[in-house]
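# Structural features, examined
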Amino acid sequence: MAARNSRFLITATPVTIIAHLMGIIATTLVLVWTLHFRDGLSLNSENKQKIFNVHPVLMVIGFIFVAGEAIMAYKTIPGSRKVQRAVHMGLHLVALLVGILGVYAIFKFHREVGIPDMYTLHSWLGMGTICLFGLQWLLGFFSFWFPGAEMSARGKYLPWHIFFGMAIFLLAICTAETGLVQKFIFLGLVHGKEALVVNFIGVAILLFGLAVAFSALLPRYR
């Protein structure tokens, strides 16, 4: 019976392929949105919209996409467990640094156009996500890379590291979705090509997050 049921076991490979596809679609669409419909990107410009545009590009591409790839590293990167862990930690560090730059961009935009900070649910979720992400990375570093960490302590912490890591990643997905809705309303988008692009960005991000989470639950090999 076990041998017969093993035929129906799904591996992580097809799910990671879907995740990569959704990530590429989200990346492409957010660039189309900011470059084609919203005037481009710049941290220093008289056109303040360009400063804002840095925020969604960095948060979607540099934070969510890279963080998702970091989670899937154990299923996509060939080599030893140590190599996979190094890629996992390295990509998460890149995501954290890019995320901090993305937060800086939105604070800079608010300051230059005279908008108050931290007044929306999106901003609360975003700040909570980036702070928890940084804390999670530090705890992971000292637990799994720091030479003084005991193996028994690592084993006890590992399930919590996985749980909170996935929870924070899904919180980042929710934050991105609320940000798109907020911008959709602020711009007064009802229909048209730009509205479609924004909606498809949201769908692609959601499917990317679900695929990443699903791949983490599946075995790498049958």
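Computed from a predicted structure; not experimentally measured. Counting of residues starts from 1 at the beginning of each chain's written sequence and follows it residue by residue. Owing to the predicted nature of the model, reporting of local features is limited to residues with pLDDT of at least 70; listing and counting of side-chain atom pairs is limited to 80 or more, with chain, interface and lining totals taken over all residues. Only hydrogens and water are removed before side-chain values are computed, so all heavy atoms of the structure are retained for them.

### Some thoughts on empty space enclosed by the protein
A cavity here means a set of 1 Å grid points, computed over protein atoms only, where a 1.4 Å probe fits but cannot escape. A pocket is an open set with protein on both sides within 12 Å along at least 5 of 7 lines, and lining residues have an atom within 4 Å of a point. Grid points are joined across faces, edges and corners, and a volume is the space filled by probe spheres set on the points. For the structure shown, the criterion picks out one cavity of 30 Å³ or more. Approximately 40 Å³ is the volume found for the largest cavity. Numbering of helices and strands starts at the N terminus; helices are DSSP runs of H or I of at least 4 residues and strands are runs of E of at least 2. When contributions to the lining of the largest cavity are tallied by element, the ones reaching two or more residues are helix H2 (12–37), helix H3 (48–71) and helix H8 (193–217). Residues belonging to the lining of the largest cavity are distributed by class as follows: six nonpolar, two polar and no charged. Basically, the charged four are Asp, Glu, Lys and Arg, the nonpolar ten are Ala, Val, Leu, Ile, Met, Phe, Trp, Tyr, Cys and Pro, and anything else, Gly included, counts as polar.

### Considerations on a nonpolar patch on the surface
Patches here: salt-bridge-free residues with over 30% relative accessible area, like charges joined within 9 Å, nonpolar side chains (Val, Leu, Ile, Met, Phe, Trp, Tyr) joined within 5 Å. For the accessible areas, the method is Shrake-Rupley and the probe is 1.4 Å, while residue cover comes only from the protein chains on display. Salt bridges, as used here, are contacts in which a Lys or Arg side-chain nitrogen is within 4 Å of a carboxyl oxygen on Asp or Glu. Taken together, the side chains of Leu196, Phe200, Val203, Leu206, Leu207 and Leu210 define a hydrophobic patch exposed on the protein surface, amounting to about 560 Å² of accessible area. Inspection of the secondary structure puts Leu196 in helix H8.

### What about the layout of surface pockets?
Roughly 800 Å³ of volume is contained in the largest pocket. Put simply, the parts of the chain that give the lining of the largest pocket at least two residues each are H3, helix H4 (73–76), helix H5 (81–113), helix H6 (121–144), helix H7 (151–187) and H8. The element that contributes the greatest number of residues to the lining of the largest pocket is H7, accounting for eleven residues. Each pocket or cavity is described by its volume, and for the second largest pocket that value is around 670 Å³. Forming the walls of the second largest pocket are 34 residues, and the residues nearest its centre are Phe52, His55, Ile106, His122 and Gly179. For the lining of the second largest pocket, the secondary-structure elements that each account for two or more residues are H2, H3, H5, H6 and H7. In terms of residue count, H7 provides more of the lining of the second largest pocket than any other element does, eight residues in total. The class makeup of the residues in the lining of the second largest pocket is 22 nonpolar, ten polar and two charged.

### Section: the packing of H3 against H8
Running from amino to carboxyl end, H3 crosses H8 at an angle of 20 degrees, the nearest separation of the two axes being 9 Å. Classed by the angle they form, the pair H3 and H8 counts as roughly parallel. Pair H3 / H8 crosses with left-handed handedness. Here Val60, Ile64, Phe65, Gly68, Glu69 and Ile71 of H3 come into contact with H8, specifically with Ile205, Phe208, Val212 and Ala216. Note on definitions: angles span 0 to 180 degrees between N-to-C directions of axes, and those axes are lines fitted to C-alpha atoms, for helices only across the stretch in contact. Note on terminology: angles under 35 degrees are roughly parallel, angles over 145 are roughly antiparallel, angles of 65 to 115 are roughly perpendicular, and the others are oblique. For any pair of crossing helices, the crossing counts as left-handed if the nearer helix is rotated counterclockwise from the farther one by less than a right angle, and right-handed if it is rotated clockwise. In this analysis, two residues are considered to be in contact whenever any of their non-hydrogen atoms come within 4.5 Å of each other.

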